[in-house]
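Inside the fold
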Amino acid sequence: MPGLTSFPPFPEDVPTHPLLIVDYQLIKQGDESEINKLWKAATELGFWYLKNHGVDEEVEAMFEMGRETLALPLDEKMKFEQGDQGFSFGYKAAGVNFMDDNGTRDVTEFLNISKDDALAWPGLVHRTYPSTVNERMNSVIKPFVQKSLAINHFLIDVLNDKLGLPKGALAAFHQADKSSGCTARCIKAPPHVQGSSKTFLNPHTDFGSLSFLHNRLGGLQVLPPGAERWYYVKPLPGHAICNIGDTLNIFSGGILRSNIHRVMPPPGEQAKYERWSLVFFTRPNDEAFLRALTDQSSMIAEAVAKAPPGKYAPGVTASEWLSRRIGSQRAANYKGPESWKARLGTETATIPLLGKI
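Here we come to the sheet that holds strand β1 (residues 21-23). In space, the eight strands of this open sheet follow the order β1-β2-β10-β7-β12-β5-β4-β3, with mixed pairing throughout. This sheet does not close on itself; its edge strands, each paired only once, are β1 and β3 (90-92). Averaged over all adjacent pairs, the angle separating strand axes in this sheet is 25 degrees, with direction ignored. The strands touched by helix α7 (residues 137-162) are β2 (47-51), β4 (109-114), β5 (183-189), β7 (210-215), β10 (240-244) and β12 (275-282); relative to β12, the strand with the most contacts, the crossing angle is about 60 degrees.

The biggest cluster of nonpolar side chains holds 67 residues, and the ones touching the most others in it are W48, L50, I141 and L155. Among the elements that take part in this core, α7 stands out by supplying eleven residues, more than any other.

Quick look at the pairing of β7 now. Among the six residues that make up β7, six are buried, leaving the element largely enclosed by the rest of the structure. Burial of β7 is two-sided: the residues L210, F212 and H214 facing one way and the residues S211, L213 and N215 facing the other way are all buried. As paired elements, β7 and β12 share six bridges and run antiparallel to each other. Directly across from L213, in β12, lies its bridge partner V279.

On to the packing of aromatic side chains. Scanning the entire structure with this criterion turns up six aromatic pairs. When the centroid spacing of 6.1 Å and the interplanar angle of 75 degrees are considered together, the rings of F10 and Y232 count as edge-to-face. Of this pair, F10 sits in the segment before β1 while Y232 sits in strand β9 (residues 231-232), placing them 222 residues apart in sequence. Note on accessibility: F10 and Y232 belong to one class, buried. Ring geometry for Y24 and F154: centres 6.1 Å apart, planes at 80 degrees, overall edge-to-face. With Y24 in helix α1 (residues 24-28) and F154 in helix α7, the pair connects residues that are 130 residues apart, well separated along the chain. Judged by its relative accessible area of 5%, Y24 is buried. The cationic tip of R185 hangs over the ring face of F110; the distance from NZ or CZ to the ring centre is 4.0 Å. Lying across the ring of W321, R324 places its NZ or CZ 4.8 Å from the centre.

Moving on: the environment of L213. In this structure, L213 sits in strand β7. Using a relative accessible area of 13% as the deciding quantity, one classes L213 as buried. Leaving out residues up to four positions away in the same chain, L213 has contacts with L220, A240, I241, S277, L278 and V279.

Time to look at the side chain of N160. Positionally, N160 belongs in helix α7. Since its relative accessible area comes to 1%, N160 is described here as buried. A distance of 3.0 Å separates a polar side-chain atom of N160 from the backbone oxygen of P166. When sequence neighbours within four positions are dropped, the list of residues in contact with N160 reads L165, P166, K167, G168, A169 and L170.

By the definition in use, this model includes 21 salt bridges. Where R291 meets D295, a salt bridge forms, and the shortest distance between an N and an O atom there is 3.2 Å.

Helix length check: α7, at 26 residues, gives a terminal C-alpha distance of 36 Å against a target of 38 Å (1.5 Å per residue), a fit within 8%. Just downstream of α7, G164 is the residue with a positive phi angle, here 75 degrees.

Moving on, we get to unusual backbone geometry. Between W121 and the following residue, P122, the backbone shows a cis peptide bond with an omega angle of 5 degrees. Here N52, not a glycine, exhibits a phi torsion of approximately 55 degrees, which is positive. Within the fold, N52 resides in the loop between β2 and α3 (56-70). Here N52 falls in the partly exposed class, since its relative accessible area comes to 41%.

On the basis of which strands lie adjacent, the open sheet formed by four strands has the order β6-β11-β8-β9 and antiparallel pairing. A strand with exactly one partner marks an edge of an open sheet, and here the two such strands are β6 (201-204) and β9. Of the strand pairs in this sheet, strand β8 (residues 220-222) and β9 are connected by two bridges, and their pairing is antiparallel. Pairing of Q221 across the sheet is with Y232, part of β9.

Rules behind the numbers
Residues numbered from 1 in each chain as written. Predicted model: local features only at pLDDT ≥ 70, side-chain atom pairs only at ≥ 80, totals over all residues. Heavy atoms only, no water. Pairing = 2+ DSSP bridges. Helix = DSSP H or I, 4+ residues; strand = E, 2+ residues; numbered from the N terminus. Axes fitted to C-alpha atoms, helices over the stretch in contact; angles between N-to-C directions. Contact = heavy atoms within 4.5 Å. Core = buried A, V, L, I, M, F, W, Y, C linked by side-chain atoms within 4.5 Å. Buried < 20%, exposed > 50% of the residue type's maximum accessible area, 1.4 Å probe, protein only. Phe/Tyr/Trp six-rings, centres within 6.5 Å; stacked < 30°, edge-to-face > 60°. Lys NZ or Arg CZ within 6 Å of the ring centre and 35° of its normal. Polar contact = N/O pair within 3.5 Å; in protein donor to acceptor, adjacent residues only side chain to side chain. Salt bridge = Lys/Arg side-chain N within 4 Å of Asp/Glu carboxyl O. Expected span 1.5 Å × (residues − 1).

Next up, the structure:
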């Protein structure tokens, strides 16, 4: 199954960028040096490894659920397709998103399961899912969602305090019992064809607050601040990869970094295998209005004062932000090179040429 297959090792001769390793158990214990390490990672690159998170069993079970679901016949999966209107939940087929300003189609397929649907099961909040999902909603998906929420919420609370915000300020925007775009996503990309430079996921910033990623093969690349080339992030067994998204970047007035990244075919011999990944996206409640919290933190107010006017005031709710960014990716909505601009998040860096690593 995707989580347990033995793969060739990650090659040592490709450019990689080191990530700080944060111990979740030490964070929970209030270890000051570990909290400072988390703060450094969240404000400088916006990416870090997270170890001792305690979700390994749930991750393997989610990979198995994803494998069975994405192996269903295409006509069965298409009954649950997301559509072109910016709806986040359900199945996304390969080739329905565009990847660049030429309208190039993507090659990945994935399944998005709503946090709201998982927690309300057997109630229905947003949509229905394939039988392979329903059969595991209580035993697999709900526990994964609950544990992922708990981890991300705890990390957000720690960052809240480091930002000088009142206790619970960011938590008020991330309430588990309120409707949101929080999503568990299982992703499948095909083996890499030699000589192809196909991107699996275009350069982007994440749409929400905090992402909790699990993968076994390389392919994730980051563009560090000020860099002119891409660097791989090496997967480490037993370590998740966490990264800050746009909405925490906005709430913090840019202090927390939502960094550009992309997914390319795995390097070396790993390219011959299907690439599976699993991620939980923590996103703000739908009605949360996106703005820098300058009235609640002098640190944030000072940061915003140095930024261009309006940079951290997009004037939309979290739901509107998410819907725009999802809908604008769909190939059906591609109107030409200008369509690329409609999908942008908080990124400001110049993106290097596609193949430059």
